[in-house]
Structures are given as structure tokens and as C-alpha cells.
Amino acid sequence: MTATNIQVTTSDSVNQDGYHAFTLGEFEFRRDEYFVYISWPTGQHMMSIDSFLRALQRDVAWDFFYGIVNFDGVFGTVNHYGTVDIFAGRYNDAYRKAELDYSENHETPVIREAFKSILADWTNATFDPFASPHETGAAWGVKNGDNISAITRRRVAANRMVAVPGDEQIRTDESGFPVNRHFKDVDQGEPILEPEPGFEDEVVAFSLFAYLSRSDVTWNPSVVSACKDSLFCPTTEEYILPIIHGNDRVEWFVQLSDQITWDVEDRDTGAVRSRVTMKAGDVCAMPADIRHQGYSPKRSMLLVWENNSSKIPELIASGQAPTYPVEF
Ligand code: PHB
Ligand code: FE
């Protein structure tokens, strides 16, 4: 169903717990103290509100990301880079077989606005959806203020490289971000640069480990360097990736510290494909036909390497490019 002219509507009144309800096309969203309730013409679904808000936060902050953002095995979005599908059961074998899956396509600004409104209304003052569970208060309960500054944080997105003049500077001591409790052993020294005379403005370097040790968010890649379409997107991880990411391209993972275990499933059906445990120094490529979710028992540093070319999804979908990166 295409519903390009449909707007977001917000209920005039709040429910007994103090929250508004939202409508986007035929989807309706309601929350109470513990849960979100999502309904559409052929069904309904509920999720724990903390998981839902963590996933919603990523979808909003990443502007629908690459490919598919599954909030869980039922609900999610597909980015078509200009429009977005919002779906229920579309990548779930049982829903498909029962013909209960449902999806709508919306212009990106419409769904962006809807999701931002839900996130703002349903995130209480105590809850930071970007923080690790250990470093935030609870999402539960009746409406209790808001946390607009936390949910509107901007990710670092360098045009060339962090620390290059004109790009965002690294977070140093003066930034106010403390070294995370799990990264107290990370050397805070910065590299010594000795450029040839005349090149002082062109040679830059920074300690990526020191930079990441001060990250106050989890599962939120920032772009620290861009070379044409090659983006280095490091991030700090703790607990569970709040979404199950369905790839529309290959992406590489370099485990910079500690350990993450990845559940890897078939992108379209959810059938289990593998479990991958990555230890510091391990490198892997996630194929373009899977979906994955990571588990990080301690805060860890992960480098996600993305090819940002807008041509890739179509090349892969049409079979002109393979779903895997290397032929051994
Ligand atoms: C991913 O889907 O590949 C992904 C997303 C966020 C992260 C790490 C990996 O923090
Ligand atoms: Fe991914």
C-alpha cells in the first residue's frame, strides 16, 4: 500500500498513564506503563517499551539506516532512501505463510516526523535510550517529564576525518565526557605528529581508542573518516544491539576491544544462519542477505566499515553484485 499523502495524527487527549496515541497510515501506536501496542488492519503486536524506545531511537537517529531495521521479529522499517516502508510480519515466515504480513510506504519526512513525535512523547526524564541499561534509569511507568536533549543528540559525522580542520573535533578532556567505567585502562595519550615543513595543516591524527573510551552512547556508530564512499563508523557497545539489522549491502566488522557475539539469521525469513563470536582483533564481513543482532557482555569497541554507495542495494538485489565480499 502506498500512502504518500497520509499524515501523522496524535490523539488530542492522553490515556490514563499520560501518553498520547499516534496514527501513521493504518498503523496505530499506544503505550502504557510497560508496553507499546502496535496495530494494523490484519493484526496487532506488543513489545516491552524499553526495547521499543531503544530501537525507535536508532531508527530516528540513523534516518532509517541501511536496508531493514527490525525492532524485533515482527515490526520494523525498510529504507528506500526517499521513502520508507513500515511493516509488520513482512520478514517473518509464519506471518507470511498466514498472509498476515502488512506494509505501508511513506515519504521519509512523514515517517520521520511520526517516529520523532512518538519518541519525544514516550521517553520519560529518567530514561536515555542511547545509554547502556546500567547507565540509565527506567523507561517504565506513567508519564514523567521528557528527555529531549538525550534523544536529539547528534552523531559525529565527519566529511573527511575527525580532527581535520572543518570537521568535528574529537572529544577530549575538555568535552566533559568522562572515560567510561569499562575503559579506565585505555591510554589517553594523543599521537605525536612530525609533518614535513609546509604540511602542518594537512597531517592530522587522533587516538581512536581515547575517543571511543569517552563515548556516552552505545550502539550508535559515528562517522570518523570518509574516503569517497568508504566510511569508518566506530562505536561502543554494551548489552544488546537494540535492532536486528537486515543488510542491503555487505558490511565489515573489526572488533577493536573485548567481545561481541552476533546472532545471524536469514534476512527474509529469520531462519538461524550462524552465531559469530568476535574477540578483540577479529574481522568479519556480514553478507548482504542476512540480518544480525549483537550481544556485548562488557562495553566494547567495534569498527563498522560501510560502503555508502547508493548503487549497491540495486546491484545486489538484481544479482549483478554478490551478497558476500570475497571469493576465497
Ligand atoms: C549494524 O547493524 O551493523 C550495527 C549497528 C549499530 C552498531 C553496530 C552495528 O552499533
Ligand atoms: Fe548491520
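Predicted model, so just to flag it, every value in this text is computed and none were measured. (Residues numbered from 1 in each chain as written. Chains lettered and ligands numbered in written order. Predicted model: local features only at pLDDT ≥ 70, side-chain atom pairs only at ≥ 80, totals over all residues. Heavy atoms only, no water.)

A. View of the domain arrangement of the protein chain. Entries for the protein chain in the domain assignment read domain 1 (8-151) and domain 2 (173-216 + 218-317). Counting residues at the interface gives 24 residues for domain 1 and 26 residues for domain 2. Together, the buried faces of domain 1 and domain 2 total about 2100 Å²; carbon and sulfur atoms form 52% of this surface. It is Tyr-66, Asn-70 and Tyr-91 in domain 1 that bury the most area against domain 2; as a group they hold 29% of the surface buried on that side. Where domain 1 meets domain 2, there are two salt bridges. Here Arg-181 and Glu-135 are joined by a salt bridge, their closest N and O atoms 2.4 Å apart. On the surface where domain 1 and domain 2 come into contact, there are 16 residue pairs in polar contact (both at pLDDT 80 or more). (Domains from an automatic or database assignment. Contact = heavy atoms within 4.5 Å. Buried area = accessible area lost by both parts, 1.4 Å probe. Salt bridge = Lys/Arg side-chain N within 4 Å of Asp/Glu carboxyl O. Polar contact = N/O pair within 3.5 Å; in protein donor to acceptor, adjacent residues only side chain to side chain.)

B. Structural detail: the side chain of Glu-251. Structurally, the position occupied by Glu-251 is in strand S13 (residues 251-255). The side chain of Glu-251 is buried and forms no salt bridge, while Arg-249, the nearest opposite charge, is found at 7.7 Å. Within the local environment of Glu-251, its side chain forms a polar contact with the side chain of Asn-247, the two groups lying 3.4 Å apart. Setting aside its immediate chain neighbours within four residues, Glu-251 contacts His-245, Cys-284, Ala-285, Met-286, His-292, Val-304, Trp-305 and Glu-306. (Helix = DSSP H or I, 4+ residues; strand = E, 2+ residues; numbered from the N terminus. Buried < 20%, exposed > 50% of the residue type's maximum accessible area, 1.4 Å probe, protein only. Lys, Arg positive; Asp, Glu negative; His and termini not counted.)

C. Seen up close, the coordination of the iron ion (ligand 2). His-245 (ND1), Glu-251 (OE) and His-292 (NE2) make up the full set of protein donors to the iron ion (ligand 2), lying at 1.8 to 2.2 Å. Read in sequence order, the donor residues for the iron ion (ligand 2) give the motif H-x5-E-x40-H. Residue His-245 is classed as buried on the basis of its relative accessible area of 2%. Overall, Glu-251 belongs to the buried group, its relative accessible area being 2%. (Donors = N, O, S within 2.8 Å, 3.2 Å for Na, K, Ca; no water.)

D. Representation of the packing of aromatic side chains. Summed over all chains, the structure comprises 23 aromatic pairs. For the pair Phe-27 and Trp-40, a centre-to-centre distance of 6.2 Å together with 40° between the ring planes defines the contact as tilted. Highlighted residues: Phe-27 in strand S3 (residues 27-31) and Trp-40 in strand S4 (residues 35-40), separated in sequence by 13 residues. The same class applies to Phe-27 and to Trp-40, which are both buried. Under the relative-accessibility criterion, Phe-27 is labelled buried at 0%. Among the aromatic residues, those joined into a ring-pair cluster are Phe-22, Phe-27, Phe-29, Trp-40, Phe-52, Phe-64, Phe-71, Phe-75, Tyr-102, Phe-115 and Trp-122. (Phe/Tyr/Trp six-rings, centres within 6.5 Å; stacked < 30°, edge-to-face > 60°.)

E. Structural context of the site of ligand 1. Near ligand 1 there are 15 residues, and of these Trp-219, Glu-237, His-245, Glu-251 and His-292 occur at the shortest range. At 3.4 Å, a side-chain N or O of Thr-235 approaches an oxygen atom of ligand 1. At 2.8 Å, a side-chain N or O of Glu-251 approaches an oxygen atom of ligand 1. Protein burial of ligand 1: of its 280 Å² of free accessible surface, 100% is covered by the chains. Those elements giving two or more residues to the shell around ligand 1 turn out to be strand S11 (230-240), S13 and strand S17 (290-307). Of the residues forming the shell around ligand 1, the biggest block, three residues, is contributed by S17. (Near = heavy atom within 4 Å. Areas by Shrake-Rupley, 256 points an atom, 1.4 Å probe, with all protein chains shown as cover.)

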